[in-house]
Every structure is written in C-alpha cells, then in structure tokens.
Amino acid sequence: MGDEYPTLFRSERMSLVQLIVPTEVAHDTIAELGELGNVQFKDLNPDVNAFQRSFVGEIRRIDEMARRVRFFASQIEKEKELVPIRPLYDSAPLVTVGPRAAQTIDELDVKLAEHEARLTQMNESYKLLSERLRELVEARHVLRETAQFFNQAAVRETEVRNSLDDSSAPLLQHDDREQQYSSGELQFDLEFVAGTIDRARLSTFERVLWRVLRGNLYMNYIDIQEPFVDPATGAETRKNVFIIFAHGDILLGKIRKVAESMGATIYPIDVNADKRADSMREVTGRLEDLQIVLYNTGANRRTELMTIGESLASWQDVVGKEKLIYETLNLLNYDVRRKTLIAEGWCPTRDIPQIQLALRHATEESGTNVPPILHELRTNRTPPTFHRTNKFTEGFQTIMDAYGVATYEEVNPGLFAVITFPFLFAVMFGDIGHGFIILIAAALMILFERKLGKADLGEIIGTFFFGRYIILLMGVFSIYTGFLYNDIFSKSLHLFHSGWDFPGNETTGIANGHTYPLGIDPAWHGAENGLLFTNSYKMKMSIVLGVIHMTFAVCLQVPNHIRFKRFADIYTNFIPQMIFLQSIFGYLVVCIIYKWTVDWSKASTQPPSLLNMLIGMVLSPGSVNPEEQLYPGQSTVQVILLLMAAVCVPWLLITKPYLQWQEMKKIQGQGYIGLDAEDVPRHTDDTTLEGEEEGNGRAIVEADGEEHEQHDFSEVVVHQVIHTIEFCLGCVSHTASYLRLWALSLAHAQLSEVLWDMTLANVLGIPGIIGIVALVLGGAIWLVLTIAILCVMEGLSAFLHALRLHWVEANSKHYEAGGYQFAPLSFARLNEKQ
C-alpha cells in the first residue's frame, strides 16, 4: 500500500519509524532530515525537565547567538538611512555539517561577540557624544539669550516678568543699578540662575517657585525653536531658556533645588559681559569639534552595520537551524549501553527511501563509517494527517484545514473544494466584467509570483497573494456564470438571436420561435417583469445546487465507511440519511426541473407554487388541489415519499445503537473480562502479538492506552439521538441556507446596475468637450467604485458565504475532522517565518 500514487482524495500513508543514530553523526543526521523536511519526531523524554536534557548547554549558547543576531537586526532597523541586507540566496553559505561543523560554530560565536562588542561601544560613544552635544547646544542658547536679555536691559527699562504676582514690587527698581550691572563696572548684590527646562514643565516650575519664594523673584523665559532629539529613542523634546533673579544665597539654593527636582539643567553664567563672550566663543569651538567627532562616530557605526548586513541573513539562517537541530536532539533518548541516540517519528511511507538516502549522505558528510539505522515500527496509534499539496492546491487545502484537520485517511473535502468553492462563489458573483477584473488581478500575481514571494507584502496583500490561485478560479467561474446570467457590468450581451420580438413600440414581447442557446435571453434585461423572472430563476437554481451539493457530501460517507471497515454504518446511517434527504428535498428538485420543462402557456392549469406544494405535502399529506396539481398521481407519490422519510427517523435512531448493544452482549457472552476500569476485553490479533514479540511492545502499549477509548451504551444512544435530530433539522435549515446564493446574486446585480445608472449613464449623452471630460471623470469614478465595492467588498462577502456553505452545510454531512496536523522538522518553514 505504500507504493500507491499520492492524491488529495485521502491523506498520505504514514509510518512510525525508529532511528538508531550514533552520537558522532547525530547532529549531521538531524540537519539532513531538517533539509528533507518529512519526519515528525516524537518526544521520548516526556518526564524529563527541559532544563535537565542532554543538549541544554548547546541551546543556551545558540540562544545567546540568536540574541546577538536579533540585536544586529534591531540596530539596522533603527538606522535612519537604509542599510542593505544581502539576501540569503546571494550570501556565502556557512557549512555547519561535517568534521569542521563545531569549529565553524565556534568561529561564528566569536565573530558575533566581536561585532556586538564593537557595536555596543560605538552606541555608547555615540550616545555620550550626543548628550554632550545637547548640553553644549543648551549652553549656547543660555549664553545667547542671557546676553540678549542684558543688552536689552542696558538700553531700556528692564522687562522682567514677575512670576504670577503683578502686584509685587520689582527688585530692580533703580535705573542706575541696572546701568551699573549691565556695564560690568560695578557689582550689585542681586544674583541670578539660568538654565533650560522642558517646555511642558515650565508653568509648573514657575508656580512652584512663586509659592516657595513668596514672589521674591524675577523670571524671564524664551522658547528654543529647534527640538532636541534623543539619540536612543528618537523622541523629540522642546525646551525653554529661563533666567531667574533673586537676592541671597538661601533663595538661590532653593531655586537650584526646585530646578533640579523638575528636571531642569542649570548652567553657570558669569555676570561680566566679557567673560560671557569668552564662554560663548569657547562653547562654539567645542561644538564644532564635537560635531566632527560625532559625524565620524556615526559614519564608523554605519560602516559596521553595513558589514553586519552583508552576513546577517546567513547568520539568522544558521542560528535558526542550529537551534531547531538541538531542540530535536533533546527529544531523542540516549542509550547508554550502545552509546547511541534513539529517535522515533512519523514520516510518509513513500518517503522512507529518501530518508535512507539522507541518512547515508549524513554519514558520508560526517566522515564516519557507522551509518544510522532505520526500521519501521508496527503500531495502532493514529498517525498525523498529511496532504501533499502544491502552490495550486495549497490555498484550497488551507481553507478546509481551518475548519478542522481531517482524520487519518479520511476523505479530504479539500480536493473537491478546488471546483465547488469557486463555483459557488461565482453563482453569487456572476458577472463577466467583474470576473474578468479579478481574473486579471490573479493572473498578474501569478505572473510575478517569484518577485512578489520575496517581497514583504504585509498581512492583507500577503493573504490575497497566498490565495492567488483561488482568486484565479473564482474569476474564471464568475465569467462562466456571467455568461449564464448574460450580465456584464449590469448590461446584457446579444451574442445569439433573441427568442422575443418587440414590434413597433409595443412593450410586450412576442415569441419568435427561437431559443437563446446560452444563458438568459437578453430580452429579459430591462423588461418590466425581468426582476420577477430572474428572482424565480435564481431562487430555484440555488435550491437545485444546494441539494446536489448536500447529496454529494452525504455520498462521501461511503468511502469513509469502507476504508475504516464500518460497513454497518452504510445501512444504519448513509442509506436512511440519503432516503430522508431525497424523499423531501430531492423530490423538490425534481419538481423544479419538471416545472421548467412544461409549457404553461398551453397547459390547462396555472403553474403551482412549489413552496406551497412542499408545505402541503407535510401538513396535509394525500390532498392536492386539482387546480394546483403539478402532475397526475401527485398525491400518491407524495404520501409514499413522506412515509419513507418518516420511517428513516426511527431507522436512524434505533438501528446503530441496537447493533452496538448486540456486539457488546456477544463479547460479554464469550466470558472474557478486560483489565481496565470498564472491564472491556482487549482485542489482540496475530499481527499485534507478533509485533510485541519483535520488540514493538512499547509502541503498542502506548497505542492501547491512548487510542481505544470506551463508551458506555447510554453515551452511544445519546450521541445517536443528537446526530439524528441534527441531520433531520439540518436538512431543512441547510436547504434554506443555500438561498443565500440567490440573495447575494440578486444584490450583486442590483448594485452593479445602480452604480452604472449613477455614474456613466448620466454622462454618456453629453456632447462636445464637456462630454469628453465628464465621460473621463465619470468613467474613473465608476471604475474605482466598481473595483472597491463590487469586486473587493462584494467579493469578500461572497467568499465568506461560500466558505460557510462548505464548512457548515457540506462538511457537517461527512467530515469528521478528528485528526492532527503533520508537523515535520523542516528548515523550509523556518525560512518562511524569517
């Protein structure tokens, strides 16, 4: 069975394999299997703490290397100017397997530590120089504003602001004192404090000083125009220069304490104007020198980052792979007697020859002569589910896996979703023009998929790109259903001869004997009763498609029952469910098709309402109004079908629990007693006993402990009752749910028509230049709204409804979804995450 050609119809056959790996080739073996990406390893040390496993030291070392690589990446990301990072496919590979693997890792560890030390030192130097630069800039502003203040005070009356108290007497009352102070020839007792403070704290600072000094101060402040940027965080801070006049050392000490508590920076400013000028020249000279040093430091730091960027992708790849390798090695069990590592894991059966080749290659690369040994174990444990997909089927399979992972070897609905999903979407989205737009969008994504696959598209665009083949088929099917609806941007196509003529100015059509061969006759577009016709047509079509879809989903139970050897379920579940579904809703579909085939213009009765017919079939069986009769013998057929549906309900309720009760009685009658708590006997066949004799007892015992969950008979009855009620009620609700195909198709067509009438229809008849300009503007508005509303928003709505029809209405009929995903050790997935 392992040589079967793999398909999406079922998950692949899986095998539980055991690897006996010599310790000297363990690293290279796991590396080869990671490159191959088709072995899911089991944890053979579940009771061992993560900090007590064999390769904890190596993982800590790799974690430290990974921290350094993340630090480099964050520093490159924070750089204002873009630092190029050489892509992985263009980088020189680092060989981490073979005899020199340990030396390569040691050299990489040393190199990363050296780069980190240099970069950290440069960051600290740059930060320290930036802080000094900021202090010198603030000091220059303080000197400049202080000199400007004293210059103004020398030529006119001082304009010193009293802090929050206009009624207090100014301290500089006499002009002669101001002149003496500003001239520098005489000193006076009044002193001042100057510095800078955050603009947001200025008002609080001013209020606190006024209360502490009881108004005995003069304060003046001036805004600094350019902001100060923190080199570490990039945050901008705006500051003000302040100068405060007070008398006495005690008051000055209080001012300094308050300023320091508020985060202000105080600068020593001399009273003498000449000394202030000397300080200004000194600060300016230091600023120029510091700016040169800061520029050189930044240039050296950028050079270091560019050097790191050349190898960053390669380092990330190596570190990520090494961590995965050692985490996998921690899952292995160490055999002290043989000095080997024992591994167990799941893999696709058909890939075992590839795995053996990889093991042989790992042995050759490591330079040893002792190859790892692989042999297949027999087990009753449920394997993981693995569907081998390609870039075309991956999107459809992901949609189904989002509902639930299929049970091992269960029929996979993802195979059929390749056709049914885009088709049901197109039923709701049918329009030739809109389908062509999304077809072009998908074709462009497929055409440039290599370039787009390497780019960072973001979450939203990346999701559309992942489903590009789904969008492609949705566009193709939408064009097809658009031809059936004869709808292109709310207009009709006259591809063939219409079956209706309108002689003269008459509004009533006359049949001319022709039949429109494909889709709806264009004569219905614009007719007064056109909406009534398309409503009836699409509503009945949605019921027909819904019943066919549900019937197909119920039929998928049969291959599952045959594969899992549940033959009793075929006539206890499948047959009564099929009879119940077809006797009511299958009959409704037959009546719809029959009603379409009758020429009611020549019939003796009016066409009956099928909804009323179905309601009357259930509420008043056997009675049919002759004026509303669809066909002869209708009442007899409906009574028979209703009786068949009624018989199916107890059939579903009783048959399966009864058979299971009989099986339990048969086992107990044999006189066997199980060893577990529920006294259920253990069924052991010859192959299982043979496997235990060959040393596979551990796997088989684990399987018996996990797989064979026993249920009480009462639980079986309750489960079957719930299942029956859910199916019978679901047939009604799910059939009605398919009416969303009609509702969304109608809404899409009406929105398209409204958009045309409100944009292009108003400008098509305008002559001259004005008409051309209006046509261009109206066409642009129409195109933008068509793409944004009708293609994107309406497309997403139809997508979600098609998803619901598959998840709820179809999958609930057959899909168990009780499996778990195959998650192999794969370096390819690591690259995708990065």
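Attention here is on the structure that accompanies the text. (Residues numbered from 1 in each chain as written. Predicted model: local features only at pLDDT ≥ 70, side-chain atom pairs only at ≥ 80, totals over all residues. Heavy atoms only, no water.)

## Things to note about the overall build of the protein chain
Going by this rule: Labels follow the DSSP assignment, with helices taken as runs of H or I lasting at least four residues and strands as runs of E lasting at least two, numbered in each case from the N terminus. For every residue, the accessible area (1.4 Å probe, protein chains only) is compared with the maximum for its type, and the residue is labelled buried under 20%, exposed over 50%, or partly exposed between those bounds. The contact criterion used throughout is that any non-hydrogen atoms of two residues lie within 4.5 Å. A 1.4 Å probe and the Shrake-Rupley method give the accessible areas. Residues count as covered only by the protein chains that appear here.
On a plain count of helices and strands, the protein chain comes out with 25 helices and 13 strands. Here the protein chain, with 834 residues, has 43% of them falling under the buried criterion. For the protein chain, the share of sequence-separated contacts (at least 6 apart) that also reach a separation of at least 24 residues comes to 79%. Taken as a whole, the protein chain presents about 45,600 Å² of accessible surface, with 58% of it coming from carbon and sulfur.

## Topic: the packing of aromatic side chains
So the rule is basically this: Aromatic pairing here means that ring centres of Phe, Tyr or Trp (its six-membered ring) are within 6.5 Å. Orientation follows from the plane angle: under 30 degrees is stacked, over 60 is edge-to-face, and everything else is tilted. A ring is scored as having a charge over it whenever the NZ atom of a lysine or the CZ atom of an arginine sits within 6 Å of its centre and within 35 degrees of its normal.
One pass over the full model with this rule turns up 25 aromatic pairs. Relative to Trp-524, the ring of Trp-500 lies with its centre 6.2 Å away and its plane at 75 degrees, an arrangement referred to as edge-to-face. Remark: Trp-524 occurs in the loop between β13 (510-511) and α15 (530-555) and Trp-500 occurs in strand β12 (residues 500-501); sequence separation between them is 24 residues. A connected cluster of aromatic rings, assembled from ring pairs, spans Trp-500, Trp-524, Phe-533, Tyr-537 and Trp-596. Its guanidinium or amino end placed over the ring of Phe-465, Arg-468 lies 4.2 Å from that ring's centre, counting from NZ or CZ.

## Focus on the pairing of strand β1 (residues 14-22)
Keep this limit in mind: For two strands to count as paired, DSSP must find a minimum of two bridges between them.
A large share of β1 lies buried, amounting to nine of its nine residues. A two-sided burial pattern is seen for β1, the buried positions comprising Met-14, Leu-16, Gln-18, Ile-20 and Pro-22 on one face and Ser-15, Val-17, Leu-19 and Val-21 on the other. Note that β1 and strand β10 (residues 340-348) share nine bridges and pair antiparallel. By the bridge assignment, Ile-20 is partnered in β10 with Ile-342. Note that β1 and strand β11 (residues 373-377) share five bridges and pair antiparallel.

## Looking at the sheet that holds strand β3 (residues 191-198)
The line we're drawing: To obtain an axis, a line is fitted to C-alpha atoms, over the contacting stretch when the element is a helix, and the angle between two such axes runs from 0 to 180 degrees between their N-to-C directions.
Spatially, four strands are ordered β4-β7-β3-β8 in an open sheet, and the strand pairing comes out antiparallel. Pairing within the sheet leaves two strands with one partner each, and these edge strands are β4 (218-223) and β8 (265-267). For this sheet, the mean angle separating the axes of adjacent strands, direction not counted, is 25 degrees. Here three bridges tie β3 to β8, and the two strands are oriented antiparallel to one another. The residue of β8 that forms the bridge with Thr-196 is Thr-265. Set on the sheet, helix α5 (residues 202-213) makes contact with β3, β4 and β7 (239-246); between it and β4 the angle comes to about 175 degrees. Contacts from helix α6 (residues 249-261) reach β3, β7 and β8, with the element oriented near 5 degrees to β3.

## Some points on the packing of helix α17 (residues 568-597) against helix α22 (residues 713-737)
The test is simple: Convention used here: angles under 35 degrees read as roughly parallel, angles over 145 as roughly antiparallel, angles from 65 to 115 as roughly perpendicular, and any remaining angle as oblique. Each crossing is labelled by how the near helix is turned from the far one, with a counterclockwise turn of less than a right angle marking it left-handed and a clockwise turn marking it right-handed. All residues other than Ala, Val, Leu, Ile, Met, Phe, Trp, Tyr, Cys, Pro, Asp, Glu, Lys and Arg, Gly among them, are scored as polar; the first ten of these are nonpolar and the last four charged.
Viewed as axis vectors pointing N to C, α17 and α22 meet at an angle of 30 degrees, and their least axial separation amounts to 11 Å. In terms of orientation, α17 lies roughly parallel with respect to α22. The way α17 lies across α22 gives a crossing that is right-handed. Across the interface between the two elements, Asn-573, Gln-577, Phe-580, Leu-581 and Phe-585 of α17 pack against Gln-720, His-723, Phe-727, Cys-728, Cys-731, Val-732 and Thr-735 of α22. In terms of residue class, the contact of α17 with α22 is built from seven nonpolar, five polar and no charged.

## A look at the nonpolar core
The tendency in soluble globular proteins is for nonpolar side chains to be buried as a group. Defined as follows: Joining through side-chain atoms within 4.5 Å is the link that ties buried Ala, Val, Leu, Ile, Met, Phe, Trp, Tyr and Cys residues into a set, and such a set is a nonpolar core.
Core analysis: the biggest nonpolar cluster contains 63 residues, and Phe-421, Phe-580 and Leu-741 have the highest contact counts within it. Considering each element in turn, this core owes the most residues, 12 residues, to α17. Setting aside residues up to four positions removed in sequence, Leu-741 forms contacts with Leu-424, Val-427, Met-428, Ser-542, Leu-545 and Leu-805. Core analysis: the next-biggest nonpolar cluster, separate from the first, contains 42 residues, Val-21, Trp-315, Ala-343 and Leu-825 among them.

## Let's talk about the state of the cysteines
Two cysteines, two sulfur atoms, one covalent bond between them: this is a disulfide. Put simply, the test is: Cysteine sulfur pairs qualify as disulfides if the two atoms are within 2.5 Å.
Within this structure, the stated rule accounts for zero disulfides. In this structure Cys-728 is not part of a disulfide, and its nearest cysteine sulfur, from Cys-731, lies 6.5 Å away.

## Considerations on the pairing of β3
With six of its eight residues buried, β3 lies for the most part within the structure. Note that β3 and β7 share eight bridges and pair antiparallel. When the sheet's bridge partners are listed, Thr-196 is paired in β7 with Val-241.

## Some thoughts on the environment of Pro-93
Mapped onto the elements of the fold, Pro-93 is located in the loop between α2 (56-78) and α3 (101-155). Owing to a relative accessible area of 70%, Pro-93 belongs among the exposed residues under this scheme. It is 6.8 Å that separates the C-alpha atoms of Pro-93 and Ser-314, two residues lying 221 residues apart in sequence.

## With respect to helix α23 (residues 740-758)
The condition is simple: Multiplying 1.5 Å by the helix residue count minus one yields the expected span of that helix.
Across its 19 residues, α23 extends 27 Å between first and last C-alpha, which sits within 8% of the 27 Å expected from 1.5 Å per residue. Residues of α23 that are buried sit in contact with α10 (413-429), α11 (432-447), α14 (468-485), α15, α22 and α24 (768-810).

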